[in-house]
Each structure stands twice: as C-alpha cells, then as structure tokens.
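Structural overview for review
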Amino acid sequence: MVEVTRPTAHELLSLPRLAPLVPMLYVAWTDGELTHEEIRALGAAARAQPWLDLRSNVVLARWLDPVLPPSVGELTQLRDYIRRTAEQLSHSGQQSLAELGSQLAQVVTGKDGLPAPMPELTRALAELEESLGISGREAVRSLLPSAAPAPMRHGPTEPTSFDPEALRAVLDRKYPDARAKVRAWLSSGDFRYSDTHDTDRYRDQVFAWLKALADQGLGRIAFPQGNETGADLGAFIAAFETLAFFDLSLVVKAGVHFGLFGASILFLGTEKHHREYLPRVASLELPGCFAMSELGHGSNVRDVETVARYDAQTGEFVVHTPSDGARKEWIGNAARHGRLATVFAQLEVGGKALGVHALLVPLRDAQGRVLPGVRIEDCGVKMGLNGVDNGRLWFDHVRVPRENLLDRFGQVTAQGEYTSSIPGDSKRFFTMLGTLVAGRVSVACAALSAVKSGLTIAVRYGEMRRQFGPVGAQEVRLLDHQTHQLRLLKPLAKTYALDFALEYLVERYVGRTEEDAREVEALAAGLKAYATWHTTATLQETREACGGQGYLEANRIPALKADTDVFTTFEGDNTVLMQLVAKGLLTGYRQRFEDDRVFAVLKLLADRATGVVDRNPFSTRRTGSEHLRDGEFQLRVLRYREEDLMASVSRRLRKRLGAGVEAFEAFNQCQEHLLALAHAHVEALVLEQFLKGVAAVKDPGLKTVLGRLCDLYGLSCLDSASGWFLEHGLLEGSKARAIRKEVERLCAEVRPDAVALVDAFGIPDNCLAAPIGLGRLAP
C-alpha cells in the first residue's frame, strides 16, 4: 500500500504554475465553512485548467485532499508567501482572489512562463473563486491588511477634555495632606508585592509593612503624639482609603489594629486607658485585636455568650468562654501577632447581668508566648487576605484587673457596685456599638479604592487591547465596542458617585453628635453595604472584561476579587445592615405622624395630596436628552420609589401587627420589601450627593465630564429599576427605551475621557502593578 503524505508548503510554492491558485488554496482551508465536497469540487475545477502540467496536478490533488488537511504551520507559510509577494506588486487594491492570484502569477512568470494569456487566466480563476462561495473582496482584505479600507475610529476623536491632575485635586480635596503622605510612603521601594503563597512569610511581611508605616507616622494620624484623644478621624480614614490602593491584607491589618482595637480604647475607654495604651497602639509596640464576633452568633452581638464576672474579693474580672459556640471567631491579628484584645462579653456584677461590655484581655507576653488560660487557633488559609492572621479565641477563667474594663459608659467600683450614665441596657448597648461605625466607614472607603484599582486596570487594558473589526481592517480597541463601554463605564460612573457619597459619610461621622449618632450609624451601614456590593460586582466585570489576562495573578484582579469578597460580610453582613437601614427609615416615617399629635392628620393629608399631584414622576411624552439628563428629574423619580416603598411596607407591617402577628415574625415576612426600601433610599442618597458634588465644582471642563458621569449614574439607576416602575404602571415602554438609549449615548460621550478618568484616581504604578494596567502584557 502506497502511503500518501501531505506535500509541504515549500513543494507547493516551488511550482510557478500553481502560483495563481495559492490565495484560493489558503482561503479554502482557513475559511472554516467549506465542506469536503466543496473542496473536492474546487480541486476538480482547478485540475481542468489547461495551464497545469502533470506535476502541478499531482501536488494540487494532494493539497485538496480532505483526508489530509494542511497543518497550521503550512498554512502560515502560504500566508506569509502571499503577503511577501504582494509587496512586489506595482499597485494594490485587489478586489478578488482571482485578481490577486493573477497578479501574483505575474511576479513569478519569469521563472516559468504561463501559457495562458493573463485575461484568460483571470477569467478562469474567477470561475474557481465563485465555486468557493465566499466574498473574495473580504478574503483579500484578511490576507493583505494594506488592501483594507480606511479603518474605523479606534479611539477618541478629540483630546481628553480635562486635566486628570485637576480632577484628582477634586477627589482629594478633603484631607489632601494625609492622602499625599500615604502616596509618598507607598511609592518607596519598601512597598512591592511579595509572594503570598507562603502564608507565614506573607503575614510577617504585612506586619513589617505595618511597622514601617507606624514608624513613619500612620498611627499618629489617628492618635497624635501627646494628644492621643485629639485624633483627626477624617484624616485617618482618608489615609486608610489611600492605603487601600496597595495590598489589602496590610489595609485590613491596619484597620483592625488602629481602627478597631485603637478606636475601641479611644471611644469606650477613659483617660487612664488613653494614657496607658494609645501611645503604644500608635507605635505598634502593642499589637491588638478586636474580639467581638462569636461562632454561634455572628452579627448578633447582643447575644454573645462570653462572660466577664466580677470577683469583688480580688478586684478582678473573670473572663470565660462557656461553650465552643462562644469562641471568638475571625479575630484579626489573633493567630500570630496580637498581644492584647478588646473582648466583648456579658458583664455580671454581684450576680446581676448588665449586658454586653468591653474589656482589655492580654493574649501574649512581650516575647509572643500565649498566656495561661488563653487558647488560640489559626482560622487557616482563606479565600483572600491571607496576610491577616485571623484566629479563634477561648478564655478559661482568665483574670484581668478591674481597670481593664473600658468603662466610659459603665463603671464598676472596687466594692462591686455598677453605675452608668445611660440608664437602659439597650441604649447603652447601642451607644457602645458606635465603635463599629468607624470600621464600616473605613471598609466602605477601602472597597472603593479596590474597585478604582480594578477599573484602572480594565479601562487602560481596554484602551490598549484590540479585538474584532471590519474584515481586513485593523482591529478595534475594546473600549470602542459598545458592550465594553456599558460594562466598564457604568460602574465607573457609580464609583465616582460613591466617592462623593462616602465623602459625605465621613463628614457626618466626624461631626456626629449624640443626637444624630443613630442616623449616622444607619448611613454608614447602608453605604458600606452598597459600596462593597458594588466592589464585588464590578471586580467580576473587570475580570471578564480583561479576558484571560484578567485571570492572571500578575494582573492583580484575582487578588482584588479574593481580598474584597469578605467585605460584604466584614463589619456586618450587608443584608443585615440593609435591614438596619430600613428599620431606621420606618422609625422616622412613623415619627412624622406620631411625634406631633396635633398636626398628625394634617401631615398625613398633606403627604397624600403631594402623592396625588406627583402620582407619576415620569412624563411619558418627554424622551429627549435635555429632559432625561435633568438631575432633579432623576432624583425625583428615585425619591418617589423610596417613598412608595416606605408607605407600602409600613402598611404591610401595620396590617400584620394589627392582626396579632409577633413583631419579629411581622418583620421577617416583610424582609425582601425592607431590603428594597433600603436599597432605594441609599441609591437616591448617592445620586443626591453626586449632584451636590458636581454643583460645587467650579472648573467648566471638570463640571462637564462629572455631569456626564452623574447623568450616567442616575439614568443607569432608573434603567436597572425600570421593571419596578413598569410593574407599578409608572413607566411606559417608550420611556424605558429612551432611558436605555440615553445610557448608551452617555457611555459613548464618556469614552474619550475614560483613561483620564481612571488616571485621576492617582494610583501609584507600584501599587497598581498589573502589567496590563501599565501598558504592557503580563509575562
């Protein structure tokens, strides 16, 4: 049996009489849609041409044998040959494979003249080309880029409309010195990403980074030397937010030590605690933990089981873990570095339960040895943040001095008498939980920095990477594809919106009073949930938008995704926090009608009258850009949804409570409705703050681009909620379509400024680190 072998490209190209057929042979195999029968038909038609000799026919038959298709390498040689030979042609602009083949034949005629006159050859080739059943013009363009028409626009048709540094100054306008200081620290050679696979080494590196920052003054921003209680909390949160452009394990470790442990001493302790501990907290001489969460109770701090009983004979508190479910869980800094912990426990004095209080409980001595009665376990390798040494804590009748009670809101005398300036256990509990507000504010800000990093990487890559386009033309930049704009520029607009909203949160937190503390707590809960959900969703979108490059560890998006995933449950589960927001709104709603009984009916009637006048915030007939881009219109619609949800959930709860349903069960039956209310409230608040922020900008160019982003955010909110509005008969299909089209137009308008908008975040290159975010591909 004679073995049939595939001829090489060299053999095919050595036969000048086959030169006119080379482009068709290449296209026949690379088109991907020709059947075996079509390939055989092409071979039969070609072999019938009079200019082919026996040798050429034999080689051609083997090249068109469906059983032995040419390899990728052989086809690549054909393509390169066609392109090299085409460079010798006297003119370009070939309109068909037949014309290209004829012209290629002219180049090689000198080696072995073709018997057929060129016009006849062209006609014969045209017949063969027709048998292929493809567009010869597009095939030529795919083979010869120089034969392609003028390419489409691949980038901005106009220069960036603003100076990124000027916009960065707007974003950094609050606490610019603290932000600049942290950027300078991070830009030093000490802060470079390290191998995270060796967990022990990684944790030690993170601790070394934190100590270097403490030595340079990070802790002193929170606790100024000599005036530790005079902290500029806004400046520290700004520093923390900027630090989140770098390794997030470092950020969380800093947040646990300075922001939770240090803040608990600051806010729950008194002068003796401040004097004794805060200087050592600021210098990191005394690494600490914040031990609140327990395995069996999670976010339900009120029912923690760890107990602290006062022993009046010795003047000590005895801290004990009564069951395995009462172990302190996920305690940052506990597994490796923490020496002292703020422990939340049920206080018992003289046999009386006094609710949850906080005490300082030593964990390790100065040499790092675990103290008697304390048991510590490492939580193990996590999905992310493995530079943070999370641990579990058990206490076996551990004795601590009476002075270790953080007693700002509740004091115990040496004789065992308990006093408090806050009479009710519930109010005292919620007052003490104010320490959590700082953590939630900080987590929201850190999450925003993380999403800024992800968007910077994806947007810059989208500007650099080209994919798809007209056949034969240069491929189009990813950011010029409409779908790519929608998937990245809508979350970019939301990120800018959150920047202004979180600035408002920090301002409210720093200036909070006893009267508005609960309102600020709800504001922090809502924005923390909204921001971290945004981070999780957007980082997934950036990963997909970067394709396989986004999957590489070197390009940092995997680490950003893994490290921030826990933010949705860190410092409070987002769903629980949103319920807190909704309950606060309902309390305020009820008070509108109950606080002033004389005018209760008038208030109710006035609200109902307003509802009738503005029963439908949409104007069905108005679909033009000027109307849709009216921020007051967008905000009015979002506020209407919030008010409607508030009224409807209030009716549902009142109906159930009136029917005798227990309060907890009534709320449980309305949880989804409550979450929708909270989301609507937060979304409207974010838009409101974005509108105020844009209005305060003086520079016309910056105001224009920020205005576009604000409209993009506002209309994106309306678009995503269109189902609710349609369901309630407030929105018609024509208006919904107009909103969607306006979102697409805004993305196209924002697109020329996309790179400048992420450049304005001011992320140092060594913090961004991702090769595709710095204009090159990962190795």
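First things first, this report covers the structure right here in the doc.

With that out of the way, let us pick up the overall build of the protein. Of the regular secondary structure elements, the protein holds 31 helices and eleven strands. Out of the 779 residues belonging to the protein, those deemed buried represent 53%. For the protein, long-range pairs separated by at least 24 residues make up 75% of all intrachain contacts whose partners lie at least 6 apart in sequence. Element-wise, carbon and sulfur atoms account for 51% of the exposed surface of the protein, whose accessible area totals about 33700 Å².

The subject of this paragraph is the environment of D389. Along the chain, D389 falls in the loop between β7 (374-378) and β8 (391-395). Owing to a relative accessible area of 0%, D389 belongs among the buried residues under this scheme. For the pair D389 and D200, spaced 189 residues apart in the sequence, the C-alpha separation amounts to 8.9 Å. Look past the residues within four positions of D389 in its chain and what remains in contact with it is R203, K253, I331, G332, N333, A334, A335, R336, H337 and G338.

The next point concerns unusual backbone geometry. A positive phi angle, close to 60 degrees, is found at Y175, a residue other than glycine. Within the fold, Y175 resides in the loop between α9 (164-171) and α10 (176-186). At W330, a position not held by glycine, the phi torsion is positive, near 65 degrees. The residue W330 is located in strand β4 (residues 328-331) in this model.

The next thing to look at is the pattern of salt bridges. On inspection of all chains with the given rule, the structure shows 48 salt bridges. For the salt bridge of K174 with E503, the shortest nitrogen-to-oxygen distance reads 3.9 Å. You can see K174 sitting in the loop between α9 and α10 and its partner E503 sitting in helix α18 (residues 482-510), a full 329 residues away along the chain. K174 gets classed as partly exposed once you look at its relative accessible area, which sits at 31%.

This paragraph deals with the packing of helix α24 (residues 631-658) against helix α27 (residues 700-720). Between α24 and α27, whose axes approach to 10 Å, the crossing angle comes to 30 degrees. The interaxial crossing formed by α24 with α27 has left-handed handedness. Residues F633, Q634, V637 and L638 of α24 touch α27, and the partners they reach there are C710, D711, G714, L715, C717 and L718.

Our focus in this paragraph is the sheet that holds β4. Sheet architecture is open: three strands sit in the order β4-β8-β7, paired in antiparallel fashion. Each end of this open sheet is capped by a strand with a single partner; those strands are β4 and β7. Across the sheet, the mean angle separating the axes of adjacent strands is 25 degrees when strand polarity is ignored.

Here we take up α24. The periodicity of an α-helix, 3.6 residues per turn, causes residues three or four positions apart to be oriented the same way. Its 28 residues place the ends of α24 40 Å apart at the C-alpha level, agreeing with the 40 Å of an ideal helix rising 1.5 Å per residue. N-capping of α24 is provided by D630, with a side-chain oxygen placed 3.0 Å from the backbone N of E632. Looking at the residues trailing α24, positive phi occurs at G660, about 90 degrees.

This model, assessed by the stated rule, comprises twelve aromatic pairs. Taken together, the ring pairs in this structure connect F191, Y193, W209 and F246 into an aromatic cluster. A cation over an aromatic ring shows up here: K494 above the ring of Y530, its NZ or CZ 4.4 Å from the ring centre. Above the plane of the ring of F267 lies R512, whose end atom (NZ or CZ) is 5.2 Å from the centre.

Counting 174 residues, the largest nonpolar core has Y496 and L527 as the members making the most contacts within it. In terms of residue count, the dominant contributor to this core is helix α17 (residues 435-464) (16 residues). Leaving out residues up to four positions away in the same chain, L527 has contacts with A444, L498, A501, L502, L505, V682, L685 and V686. A9, Y26, A46 and W51 belong to the second largest nonpolar core, which has 30 residues in total.

Relative to the assigned elements, N555 resides in the loop between α19 (517-545) and α20 (557-564). Only 3.2 Å separates the side chain of N555 from the backbone nitrogen of I772, close enough to count as a polar contact.

Let's shift gears to the pairing of strand β9 (residues 398-401). A one-sided burial pattern is seen for β9, the buried positions being V398 and V400 and the unburied ones R399 and P401. Both strand β3 (residues 316-320) and β9 contribute to a ladder of four bridges, which runs antiparallel. When the bridges of β9 are listed, V318 appears paired with R399.

Next up on the list: the packing of α18 against α19. Put simply, α18 and α19 touch, their axes get as near as 10 Å, and they point 155 degrees apart. In terms of orientation, α18 and α19 fall into the roughly antiparallel class. In the crossing of α18 with α19, the sense of the turn from one axis to the other is left-handed. Here the contact of α18 with α19 is built from residues that sort into 15 nonpolar, five polar and six charged.

Cut-off values and rules
Residues numbered from 1 in each chain as written. Predicted model: local features only at pLDDT ≥ 70, side-chain atom pairs only at ≥ 80, totals over all residues. Heavy atoms only, no water. Helix = DSSP H or I, 4+ residues; strand = E, 2+ residues; numbered from the N terminus. Buried < 20%, exposed > 50% of the residue type's maximum accessible area, 1.4 Å probe, protein only. Contact = heavy atoms within 4.5 Å. Areas by Shrake-Rupley, 256 points an atom, 1.4 Å probe, with all protein chains shown as cover. Salt bridge = Lys/Arg side-chain N within 4 Å of Asp/Glu carboxyl O. Axes fitted to C-alpha atoms, helices over the stretch in contact; angles between N-to-C directions. Left-handed = near helix turned anticlockwise from the far one by under 90°. Pairing = 2+ DSSP bridges. Expected span 1.5 Å × (residues − 1). Polar contact = N/O pair within 3.5 Å; in protein donor to acceptor, adjacent residues only side chain to side chain. Phe/Tyr/Trp six-rings, centres within 6.5 Å; stacked < 30°, edge-to-face > 60°. Lys NZ or Arg CZ within 6 Å of the ring centre and 35° of its normal. Core = buried A, V, L, I, M, F, W, Y, C linked by side-chain atoms within 4.5 Å. Parallel < 35°, antiparallel > 145°, perpendicular 65-115°, else oblique. Nonpolar A, V, L, I, M, F, W, Y, C, P; charged D, E, K, R; others polar.

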